[in-house]
Amino acid sequence: MDTIHLSPGPAAAQAFRLGIVTSAVGGLAGITTLYWLDILTPLFAGYALVLLFPVYLVFAATALSVWLGYNKDATALRPVYRQKDSRGRSK
């Protein structure tokens, strides 16, 4: 018997947005705290903000999407067919 796969709903979308915002605020707070405690130099803090922080957000988004069920593969896709007009051309 085939298993039924439901797509994530509005609650999952809200949880994803909340998770991304929480990750961003936590990451920025961490960088700010390390800079404030003189663990990070201004140059490395800028490097972390410009280059490392976006990569961190991509990993956070990936983890959230897998956790919330957004990780669909090619087998979950349905074929899409174009409608043809009376002359046999695609619309």
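Located above this text is the structure these notes cover.
Residues numbered from 1 in each chain as written. Predicted model: local features only at pLDDT ≥ 70, side-chain atom pairs only at ≥ 80, totals over all residues. Heavy atoms only, no water.

Draft legend 1. Just the nonpolar core, in detail. Among the nonpolar cores identified, the biggest contains six residues, and these are A24, I31, L40, A45, A48 and F53. Put simply, the parts of the chain that give this core at least two residues each are helix 1 (10-36) and helix 2 (42-68). Those residues within four positions of I31 in sequence are excluded, and the remaining contacts are L40, A45, A48, L49 and F53. (Core = buried A, V, L, I, M, F, W, Y, C linked by side-chain atoms within 4.5 Å. Buried < 20%, exposed > 50% of the residue type's maximum accessible area, 1.4 Å probe, protein only. Helix = DSSP H or I, 4+ residues; strand = E, 2+ residues; numbered from the N terminus. Contact = heavy atoms within 4.5 Å.)

Draft legend 2. Broad picture of the packing of aromatic side chains. Summed over the entire model, instances satisfying the criterion amount to three aromatic pairs. Taken together, a centroid distance of 6.2 Å and an interplanar angle of 75 degrees make the contact between F16 and Y70 edge-to-face. A residue pair is termed long-range when its members are at least 10 positions apart, and F16 in helix 1 and Y70 in the segment after helix 2 qualify at 54 residues. Accessibility expressed as a relative area gives 34% for Y70, which makes it partly exposed. With 6.0 Å between their ring centres and 35 degrees between their planes, F53 and Y56 make a pair best called tilted. Of this pair, F53 and Y56 both sit in helix 2, separated by three residues, roughly a single helical turn. (Phe/Tyr/Trp six-rings, centres within 6.5 Å; stacked < 30°, edge-to-face > 60°.)

Draft legend 3. Structural context of the packing of helix 1 against helix 2. Following both chains from N to C, one finds helix 1 and helix 2 inclined at 155 degrees, their axes separated by 10 Å at the closest point. The orientation of helix 1 relative to helix 2 falls into the category roughly antiparallel. In this structure, helix 1 meets helix 2 at a crossing whose hand is right-handed. Contacts between helix 1 and helix 2 involve A12, A15, F16, G19, I20, S23, A24, G27, L28, I31 and Y35 from the first element and P42, A45, A48, L49, F53, Y56, L57, A60, A61, L64, S65 and L68 from the second. When grouped by side-chain class, the residues that make up the contact of helix 1 with helix 2 number 19 nonpolar, four polar and no charged. (Axes fitted to C-alpha atoms, helices over the stretch in contact; angles between N-to-C directions. Parallel < 35°, antiparallel > 145°, perpendicular 65-115°, else oblique. Left-handed = near helix turned anticlockwise from the far one by under 90°. Nonpolar A, V, L, I, M, F, W, Y, C, P; charged D, E, K, R; others polar.)

Draft legend 4. Here's a closer look at the environment of K72. Within the secondary structure, K72 is located in the segment after helix 2. A relative accessible area of 47% places K72 in the partly exposed class. For the pair K72 and S7, spaced 65 residues apart in sequence, the C-alpha separation works out to 9.2 Å.

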